[in-house]
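Each chain is listed here by its residues.
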Amino acid sequence: MTPFGRRVRELRAARGATLSDMAVAIGVSPTYLSALENGKRGKPTWAMVQRIIAYFNVIWDEAEDLQRLAEVSHPRVTVDTAGLSPEATELANLLAVEIAHLPPEAVAELLGRLKILRKRA
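Residue indices follow the written sequence of each chain, beginning from 1 at its first position. In keeping with the predicted nature of the model, local features appear solely for residues at pLDDT of at least 70, side-chain atom pairs appear and are counted solely at 80 or more, and the whole-chain, interface and lining totals rest on all residues. By convention in this description, side-chain values take in all heavy atoms of the structure and omit both hydrogens and water.

## Considerations on the overall build of the protein chain
Consideration 1: Note on conventions: DSSP H or I runs of at least 4 residues are helices, E runs of at least 2 residues are strands, and numbering of each starts at the N terminus. Helix and strand counts for the protein chain stand at 7 helices and 0 strands.
Consideration 2: Its helices and strands in sequence order give the protein chain the pattern α-α-α-α-α-α-α, from N to C terminus.
Consideration 3: C-alpha extents for the protein chain along the principal axes are approximately 50 × 30 × 30 Å.
Consideration 4: Among the 121 residues that make up the protein chain, the fraction classed as buried is 26%.
Consideration 5: Here, two residues are considered to be in contact whenever any of their heavy atoms come within 4.5 Å of each other. Within the protein chain, contacts between residues separated by at least 24 positions form 60% of all contacts whose residues are at least 6 apart in sequence.
Consideration 6: Residue-level accessible areas treat just the shown protein chains as cover; the underlying method is Shrake-Rupley with a 1.4 Å probe. As displayed, the protein chain has an accessible area near 8,600 Å², and 58% of this comes from carbon and sulfur atoms. Here the term buried applies to any residue with accessible area under 20% of the maximum for its type, exposed to any over 50%, and partly exposed to those in between, with areas from a 1.4 Å probe on protein chains only.

Shown next as structure tokens:
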């Protein structure tokens, strides 16, 4: 599941909307919406995110949060380290190999550290 898919599912559950009803309302198949929620589809297009925002009738911060989550929700990531340091390449390769074996608390810790470093940059 992607961060975007998790949030859409939470919003849908909070509003008591079925997957089928939401799919019809935003113009996609229930299969597509299920795949989007479960991280089996790539990151949604800007237009799809806008339809989902309109469906839930969210504004401002919540809409921006959905857009941000969509940007970081591609389930198959490619990291281009060309032109970066050898350490950056090593980090990318190590993460690719180890991420499936990391416990959830380690993933959360690494994510938290990266977000802190990102704010400093």
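## Quick word on the layout of surface pockets
Consideration 1: Grid points spaced at 1 Å over the protein atoms alone were grouped into cavities, where a 1.4 Å probe fits but cannot get out, and pockets, open sets with protein on both sides within 12 Å along at least five of seven lines, with lining residues defined by an atom within 4 Å of a point. Grid points are joined across faces, edges and corners, and a volume is the space filled by probe spheres set on the points. Size it by volume and the largest pocket reaches roughly 1,700 Å³.
Consideration 2: Every residue lining the largest pocket is counted, 37 residues in all, and those nearest its centre are V77, L95, I99, L111 and L114.
Consideration 3: Looking at the lining of the largest pocket, the elements with two or more residues in it are helix 1 (3-14), helix 5 (60-71), helix 6 (86-98) and helix 7 (104-120).
Consideration 4: The element best represented in the lining of the largest pocket is helix 7, accounting for 11 residues.
Consideration 5: Note on residue categories: nonpolar means Ala, Val, Leu, Ile, Met, Phe, Trp, Tyr, Cys or Pro, charged means Asp, Glu, Lys or Arg, and polar means any other residue, Gly included. For the lining of the largest pocket, a count of residues per class yields 24 nonpolar, 5 polar and 8 charged.

## Description of the packing of helix 4 (residues 46-56) against helix 5
Consideration 1: Between helix 4 and helix 5, whose axes approach to 10 Å, the crossing angle comes to 145 degrees. Between helix 4 and helix 5 the crossing geometry is right-handed. In this structure, helix 4 contributes W46, V49, Q50 and I53 to the contact, and helix 5 contributes A63, L66, Q67 and A70.
Consideration 2: In the contact of helix 4 with helix 5, the residues fall into 6 nonpolar, 2 polar and no charged. For helices, the fitted line uses only the C-alpha atoms of the stretch in contact; every axis is such a line through C-alpha atoms, and the angle between N-to-C directions lies from 0 to 180 degrees. Left-handed describes a crossing in which the near helix is turned anticlockwise from the far one by less than a right angle; the clockwise case is right-handed.

## Examining the nonpolar core
Consideration 1: Residues belong to a common nonpolar core when they are buried Ala, Val, Leu, Ile, Met, Phe, Trp, Tyr or Cys residues joined through side-chain atoms within 4.5 Å. Counting residues in each nonpolar core, the largest one holds 21 residues, and the members touching the most others are F4, L33 and I52.
Consideration 2: When contributions to this core are tallied by element, the ones reaching two or more residues are helix 1, helix 2 (19-26), helix 3 (30-37), helix 4 and helix 5.
Consideration 3: No other element matches helix 4, which puts 5 residues into this core.
Consideration 4: Those residues in contact with L33 that lie beyond four places of it in its chain are L19, M22, A23, I26 and V28.

## Considering the environment of G83
Consideration 1: Note that G83 resides in the loop between helix 5 and helix 6.
Consideration 2: Considered as a pair, G83 and A121 are 38 residues apart in the sequence and their alpha carbons are 19 Å apart.

## What to know about a nonpolar patch on the surface
Consideration 1: Grouping into patches uses exposed residues only, defined as over 30% relative accessible area, and leaves out salt-bridged ones; the cut-off is 9 Å for like charges and 5 Å for nonpolar side chains (Val, Leu, Ile, Met, Phe, Trp, Tyr). Counted as salt bridges are all cases of a side-chain nitrogen of Lys or Arg within 4 Å of a carboxyl oxygen of Asp or Glu. Where nonpolar side chains cluster on the molecular surface, the patch consists of L95, I99, V107 and L110 and spans about 300 Å² of accessible area.
Consideration 2: Taking relative accessible area as the criterion, I99 reaches 44% and is therefore assigned partly exposed.

## Re the pattern of salt bridges
Consideration 1: Applying the stated criterion to the full structure yields 7 salt bridges.
Consideration 2: Here E62 ties to R7 by a salt bridge, and the two come within 2.9 Å at their closest N and O atoms. One end of the pair, E62, is in helix 5; the other, R7, is in helix 1, and 55 residues separate them in sequence.
Consideration 3: With relative accessibility at 22%, the residue R7 sits in the partly exposed group.
Consideration 4: When the shortest N-O distance is used, the salt bridge between R113 and E109 registers 2.8 Å. Taken together, the residues span about one helical turn, with R113 and E109 both in helix 7 at a distance of 4 residues.
Consideration 5: With relative accessibility at 52%, the residue R113 sits in the exposed group.

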